[in-house]
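Understanding the architecture of this molecule
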Protein chains: 2
Amino acid sequence: VICVLAGGVGAARFLRGLQQAVPPQTVTAIVNTADDMRLHGLTICPDLDTCTYTLAEAIDPDRGWGLAGESWQVLHALERYGEVRPTGSSAGATWFGLGDRDLATHLYRTQRLAEGAPLSAVTVEIARAWGVGIRLVPMSDDPVATKLTITDAGRTSEVDFQEYFVARRHDVPVSAVHFAGAATARPAPGVLDALATAQLVVIAPSNPIVSIGPILAVPGIADAVAARRDHTVAISPIVAGAALKGPADRMLAELGHERSVTGIARIYAPLAATLVIDRADEPLAPAVAAAGMEPIVTDTVMATLERAAALARNVLGTIAARQ
Amino acid sequence: VICVLAGGVGAARFLRGLQQAVPPQTVTAIVNTADDMRLHGLTICPDLDTCTYTLAEAIDPDRGWGLAGESWQVLHALERYGEVRPTGSSAGATWFGLGDRDLATHLYRTQRLAEGAPLSAVTVEIARAWGVGIRLVPMSDDPVATKLTITDAGRTSEVDFQEYFVARRHDVPVSAVHFAGAATARPAPGVLDALATAQLVVIAPSNPIVSIGPILAVPGIADAVAARRDHTVAISPIVAGAALKGPADRMLAELGHERSVTGIARIYAPLAATLVIDRADEPLAPAVAAAGMEPIVTDTVMATLERAAALARNVLGTIAARQ
């Protein structure tokens, strides 16, 4: 069994490669849910959906989120209401790109949650509807919400993740991050078991602060990963000092970390023995080792499915070689 | 000021005629909300939406509900989830026809209600978004739900209105109707004022049991109408013993009423002095009078906007003549 801590796009691409390399049913992905939001009365789980749609080969390959061949009738129709909503209301908001077919997922999930089903059970149902073989598990059935302290036009305020990420296009400096609800959240059923029994734990190439960070903030999960340190491999989301997608690089620097594989190594060293870094970062391999992680140098940019599968095989081989 | 008690399609067509005959801002429609439902986590108000869309000239003229030129991407996408939902769940249900553009209305309403806005305020916003001049007021901001006792294949059970009306195509006998929540519901702000001050109160040609009945079941409303009995005109939804649309005729018979304008007169006599009946029912005018209502005979079938406007002018003239 292989257990993967997963955020959004980077994690989803890695999982897609992994399901080429091993039987999907042997993989459990523990997925960040602190990006989840309620909008239009619906519960939206961007990272879970990105994983599901990617593994179902249904993701829009250009955007990296949402469904390929999507239509946008509902979103266009919402514009009419944006004009009449009172100040302070977020009803009729159109900044969050909800495609018509994607909406069906949120409608299904919201109804099931309203019926009392836990998110982990609903996630299994949605994955089954899409024929996904990898087991997707939300990090917790309890709500956890990433809150970012940002400074915009000289004013400091705390915003939800999607407001930072989508509405403000992660284009404002972040001075603090916390995970509301994390302290009392419990790992979803199966999470601790999967971590305890996996032959290999992988920290996917996701944002360490706001994608992997919330998973580790759920009490018990970081300890469970640390207990498997020798069997845990992290894949750096930073290549040559930059994030391939999203604001991980800038956010690392803003929060006092080094925006490099060395910075990543310092964050993950207590949890994982091994860090997979890109060939572009080979000169930093000694610094990674000095930070306490064994560096593995390979191609990490998953531009194609073949590259993603090769990365997955490399990660699997690393551990196999050591055992 | 003219105040109209309104259900769905028949009421909406009458209101559309009325706004041809008088300045729309002089009309208040008190609309049934006991057909409202929660589905996919959304609050759906079929009668309010039918009135709004009809008055905005946006209704689908053939179906009589939903928007003209509608697309159905979301509904099609939900089919995938209907196959994985557990027994007993209504998630992923596709029996209720939710168009893509219609969905935007439910998303807006649901978000506003979640923000704490009362339904009456949200209804004003939605009407404004559609440029509707007539003032639409839900009968109550409190939830009221029509429950029907039906017998299907020999089994008796209680179902919600939309399950009876849409999922079972109102094709099962009804042995009882009640309005859950009505006893403690309060009339929405403006309802009692509008009834008390209107020069004319109209009971629209809607189902007297399940469209007008719930409005009258909200404590205070029936008394307020009865207090204006001399200024109240009902329009029969029954023409020549049949309902033009929906199950009103059969339901009247099943619940022990006469399925005719006479039966309608017996129901409305305590509330309204006048009953408008179709020319087809002219022979029953003496029976209507005997039941205690003054019969007015005219064309009541609103096949066109012109017919609806003519009916509205006739109703207005009736009262004008008496004053």
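Computed from a predicted model, the values in this text were never measured in an experiment. (Residues numbered from 1 in each chain as written. Chains lettered and ligands numbered in written order. Predicted model: local features only at pLDDT ≥ 70, side-chain atom pairs only at ≥ 80, totals over all residues. Heavy atoms only, no water.)

A separate point is the packing of helix α4 (residues 100–114) of chain A against helix α3 (residues 73–82) of chain B. In the contact formed by α4 of chain A and α3 of chain B, the axes pass within 8 Å of each other and the chain directions differ by 50°. Here α3 of chain B runs oblique to α4 of chain A, going by the angle between their axes. Regarding α4 of chain A and α3 of chain B, the two cross each other, and that crossing is right-handed. Counted together, D100, R101, L103, A104, T105, L107 and Y108 of chain A of α4 of chain A and Q73, V74, A77, L78 and Y81 of chain B of α3 of chain B form the full contact between these two elements. Residues that form the contact of α4 of chain A with α3 of chain B fall into these classes: eight nonpolar, two polar and two charged. (Axes fitted to C-alpha atoms, helices over the stretch in contact; angles between N-to-C directions. Helix = DSSP H or I, 4+ residues; strand = E, 2+ residues; numbered from the N terminus. Parallel < 35°, antiparallel > 145°, perpendicular 65-115°, else oblique. Left-handed = near helix turned anticlockwise from the far one by under 90°. Contact = heavy atoms within 4.5 Å. Nonpolar A, V, L, I, M, F, W, Y, C, P; charged D, E, K, R; others polar.)

Take the relation of the copies chain B and chain A next. Once chain B is rotated about the relating axis by 180° and shifted along it by 0.0 Å, it coincides with chain A to within an RMSD of 0.0 Å. Considering both components of the superposition, the chain copies are consistent with a two-fold axis. Mapped onto chain A, 100% of the interface residues of chain B are again interface residues, and the two copies thus contact each other with one and the same surface. (Least-squares fit on C-alpha atoms with pLDDT ≥ 70 in both.)

Moving on, we come to the sheet that holds strand β9 (residues 200–203) of chain A. Residues and elements named next belong to chain A. Read from one edge to the other, the open sheet built from seven strands follows the order β5-β2-β1-β9-β10-β13-β14, with strand pairing classed as parallel. Two strands lie at the open edges of the sheet, namely β5 (135–138) and β14 (294–298), each paired on one side alone. In this sheet, neighbouring strand axes are inclined to one another by 25° on average, regardless of whether the strands run parallel or antiparallel. (Pairing = 2+ DSSP bridges.)

Turning to the interface of chain B and chain A, a few remarks are in order. Each partner contributes residues to the interface: chain B has 34 residues there, and chain A has 34 residues. Roughly 3,100 Å² is buried in total at the junction of chain B and chain A, and carbon and sulfur atoms are behind 66% of that figure. Looking at the side of chain B facing chain A, the largest losses of area belong to Y81, L107 and Y108 of chain B, adding up to 21% of the total buried there. If you look at where chain B meets chain A, you find zero salt bridges. Run the count over chain B and chain A and you get 16 residue pairs in polar contact (both at pLDDT 80 or more). (Buried area = accessible area lost by both parts, 1.4 Å probe. Salt bridge = Lys/Arg side-chain N within 4 Å of Asp/Glu carboxyl O. Polar contact = N/O pair within 3.5 Å; in protein donor to acceptor, adjacent residues only side chain to side chain.)

Right, let's get into unusual backbone geometry. All names here are of chain B. Within the chain, R169 stands out as a residue other than glycine whose phi angle is a positive 50°. Within the fold, R169 resides in the loop between α6 (161–167) and β8 (174–180). The phi dihedral of A240 is positive, around 55°, even though this residue is not glycine. With respect to the helices, strands and loops of the structure, A240 is situated in the loop between β11 (238–239) and β12 (242–243). Note on A240: relative accessible area 55%, which makes it exposed. (Buried < 20%, exposed > 50% of the residue type's maximum accessible area, 1.4 Å probe, protein only.)

To continue, consider the nonpolar core. Soluble globular proteins tend to pack their nonpolar side chains together in the buried interior. Judged by nonpolar contacts, the single largest core of 123 residues is most densely connected at F14, L15 and L18 of chain A together with F14, L15 and L18 of chain B. Not counting the four nearest positions on each side in its chain, L15 of chain A is found in contact with V4, A6, V27, A29, C51, L55 and I134 of chain A. (Core = buried A, V, L, I, M, F, W, Y, C linked by side-chain atoms within 4.5 Å.)

What follows covers the side chain of D278 of chain B. Residues and elements named next belong to chain B. Position of D278 among the secondary structure elements: in strand β13 (residues 274–278). For the buried D278, which has no salt bridge, the nearest side chain bearing the opposite charge is R307, at an N-O separation of 6.8 Å. A polar contact is formed between the side chain of D278 and the backbone nitrogen of T300, at a distance of 2.7 Å. Excluding residues that lie within four positions of it along the chain, D278 makes contacts with V239, V297, T298, D299, T300 and V301. (Lys, Arg positive; Asp, Glu negative; His and termini not counted.)

From the geometry alone we can't say anything about function, so treat these as descriptive.
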